[in-house]
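Next come the chains, spelled out residue by residue.
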Amino acid sequence: MWLLLAAAVGGAACARDKKQETPAEPSHTETNAVYYWKTVFDPDSAEIAFLRDHRVGRVYLRLFDVVENRGATPGEETVVPNASVVDKALKHGSDSLSSALLNRTEFVPVVYITLDALKAMEGKEGELAEKIVLRAKNMCSYNEIPNVKELQLDCDWTSSTEPSYFRLCDEVKAKIKNHKLHWGLSSTIRLHQLRREPPRVDRGVLMVYNTGSFDNPRARNSIIDEEDVKPYLKYLDKYPLPLDVAYPAYSWQLLFRGPRFAGIMSGLDTSDTTLFAPGPDNAFIVRQDFPYRDRVIYEGDVLRDEKSDIAEILRVKRGIEKELAGKPHSNIIYHLDSRNLSNYTDNEIDSLYAKSAR
């Protein structure tokens with residue numbers, strides 16, 4: 001599965017060999033940025049307008065996930081790529097104005113690595129690194145992704161998997177050099193990881209979202225909560241890795257059955273009083289059984305309606321900006337989705353991107 005794309009690239013890559021031979025030297029400038037976390041890269045007109053109007057200079061584009069191949073037989077791959085992005089905007093073109101904008105934008109390919117995959121490849125980090133770099137290189141070439149100066153690894157490593165992840169980062173840096181790619185390497189950094197030594201990469205992106213436990217029925221808001229962030233701010237001042245900062249702009253609905261987390265929902269109308277009764281904070285109690293897609297939601301279930309509240313984000317942002325004390329960094333919004341971004345005014349988005357929250 002890792003090599004399928006290489007065959008597809010074939011002659012198409014040959015026509016771009018000169019472009020690959022002299023890539024731009026890696027550099028990292030301060031700019032407004034966004035993540036793009038869908039399986040099809042095809043931004044709609046509102047999303048293109050967002051990039052233009054807010055002078056977004058960098059897009060972190062998820063290329064594929066690395067997941068464990070459960071039930072692999074002897075000789076089969078223990079980890080495989082999954083949910084690879086399909087590009088409809090860059091390779092296949094869009095209108096001339098959109099194309100011109102996207103071709104001026106820096107793209108950072110992102111590879112998400114699950115913890116199960118990392119554990120499955122322990123001791124074989126060099127083999128995994130080669131597969132990641134080769135696949136990323138081929139996908140960037142085949143999809144004609146412009147202005148790539150950096151590759152990012154996204155993994156929520158723990159203290160027990162830290163040695164393996166750090167070896168993987170070392171190996172990826174070496175493979176980038178072996179493939180003569182003039183790319184830097186960055187890694188996502190979760191809040192809890194600020195207490196530990198950083199991986200040996202060029203930069204980090206501090207993920208200031210999913211700050212709480214989404215499977216905790218007593219949490220107020222698992223997307224972002226100032227009280228969840230505060231204990232980690234003291235580590236920012238002396239953290240040795242240069243950091244950019246990513247803030248949320250999305251919403252979801254979490255379902256609980258008794259004390260147990262039962263799934264992530266979306267699009268349920270909690271204002272329907274025949275189905276929902278208001279509970280404490282942002283929780284709603286289900287009044288009667290009803291079908292939802294391929295499942296049933298039962299009377300007595302609790303739905304927590306969570307949003308990325310702009311006031312909460314800006315409170316968190318003020319604390320982070322104070323600790324960064326003027327250190328160069330980019331602010332990033334997660335993620336480019338017109339439905340969620342429509343919940344914010346232009347001034348609110350500008351406040352997220354500003355170097356000091358207004």
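Higher on the page you've got the structure.
Below you will find a few notes about this structure. This is a predicted model, so every value here is computed, not measured.

For helix 6 (residues 125-142), spanning 18 residues, the distance from its first C-alpha to its last is 25 Å, which sits close to the expected 26 Å at 1.5 Å a residue. Inspection of helix 6 places E125, L128, A129, K131, I132, V133, R135, A136, N138, M139, C140 and S141 among the buried residues, and these make up the whole buried set. Positioned one or two residues after helix 6, E144 has a phi angle of 55°, which is positive.

Once that is clear, we can look at helix 3 (residues 45-53). The set of residues buried in helix 3 consists of E47, I48, A49, F50 and L51. Along its buried surface, helix 3 packs onto strand 1 (32-36), strand 3 (56-68), helix 4 (96-104), strand 18 (331-334), helix 10 (338-341) and helix 11 (346-353). For helix 3, the N-terminal capping position is held by D44, with its side-chain oxygen 3.0 Å away from the main-chain nitrogen of A46. Just beyond helix 3, the residue with positive phi is R55, at close to 50°.

What follows is about the side chain of T161. With respect to the element layout, T161 can be found in the loop between strand 7 (150-154) and helix 7 (162-178). Sequence-distant contacts of T161, defined by excluding residues within four places in its chain, comprise L115, L118 and K119.

Quick look at the pattern of salt bridges now. A complete count under the given rule lists 27 salt bridges for this structure. Notably, a salt bridge pairs R203 with D244, separated by 3.1 Å at the nearest N-O pair. Here R203 is found in strand 9 (residues 203-207), whereas its partner D244 is found in strand 10 (residues 243-248), with 41 residues between them in sequence. The two residues R203 and D244 agree in class, both being buried. In this structure, R220 engages E312 in a salt bridge whose closest nitrogen and oxygen atoms are separated by 3.0 Å. Of this pair, R220 sits in the loop between strand 9 and helix 8 (226-229) while E312 sits in helix 9 (residues 310-324), and the two are 92 residues apart along the sequence.

Quick look at unusual backbone geometry now. Put simply, Y334 and H335 share a cis peptide bond, and its omega is 0°. Although it is not a glycine, N147 sits at a positive phi angle of roughly 55°. Within the secondary structure, N147 is located in the loop between helix 6 and strand 7. Residue class for N147 comes out partly exposed when judged on its relative accessible area of 35%.

Turning next to the packing of helix 6 against helix 7. At a minimum axis distance of 8 Å, the contact between helix 6 and helix 7 shows a crossing angle of 50°. By the angle between their directions, the pair helix 6 and helix 7 is classed as oblique. Here helix 6 and helix 7 pass one another in a crossing that is right-handed. Between helix 6, through E125, G126, L128, A129, E130 and V133, and helix 7, the contact on the second element is made entirely by S164, R167, L168, E171, V172, K175 and I176.

With that out of the way, let us pick up the sheet that holds strand 12 (residues 260-265). Spatially, 5 strands are ordered 12-11-17-14-13 in an open sheet, and the strand pairing comes out antiparallel. At either margin of the open sheet sits one strand with a lone partner, and together these are strand 12 and strand 13 (276-278). Sheet twist, expressed as the average angle between the axes of neighbouring strands with direction ignored, equals 30°. Relative to strand 17 (residues 302-307), strand 11 (residues 251-257) is paired through 6 bridges, and the arrangement is antiparallel. Counterpart to L255 in the pairing with strand 17 is L303.

What follows concerns the layout of surface pockets. By volume, the largest pocket amounts to about 1100 Å³. What lines the largest pocket is a set of 35 residues, and nearest its centre among them are Y209, N210, Y250, W252 and Y334. Elements with a contribution of two residues or more to the lining of the largest pocket: strand 6 (106-113), strand 11, strand 12, strand 17 and helix 10. Taken together, the residues that form the lining of the largest pocket break down as 15 nonpolar, 12 polar and 8 charged.

What counts, and at which threshold
Residues numbered from 1 in each chain as written. Predicted model: local features only at pLDDT ≥ 70, side-chain atom pairs only at ≥ 80, totals over all residues. Heavy atoms only, no water. Helix = DSSP H or I, 4+ residues; strand = E, 2+ residues; numbered from the N terminus. Expected span 1.5 Å × (residues − 1). Buried < 20%, exposed > 50% of the residue type's maximum accessible area, 1.4 Å probe, protein only. Contact = heavy atoms within 4.5 Å. Polar contact = N/O pair within 3.5 Å; in protein donor to acceptor, adjacent residues only side chain to side chain. Salt bridge = Lys/Arg side-chain N within 4 Å of Asp/Glu carboxyl O. Axes fitted to C-alpha atoms, helices over the stretch in contact; angles between N-to-C directions. Parallel < 35°, antiparallel > 145°, perpendicular 65-115°, else oblique. Left-handed = near helix turned anticlockwise from the far one by under 90°. Pairing = 2+ DSSP bridges. 1 Å grid on protein atoms, 1.4 Å probe; cavity = no way out; pocket = protein on both sides within 12 Å on 5 of 7 lines; lining within 4 Å. Points joined across faces, edges and corners; volume = space filled by probe spheres on them. Nonpolar A, V, L, I, M, F, W, Y, C, P; charged D, E, K, R; others polar.

Nothing here speaks to function; it is all geometry.
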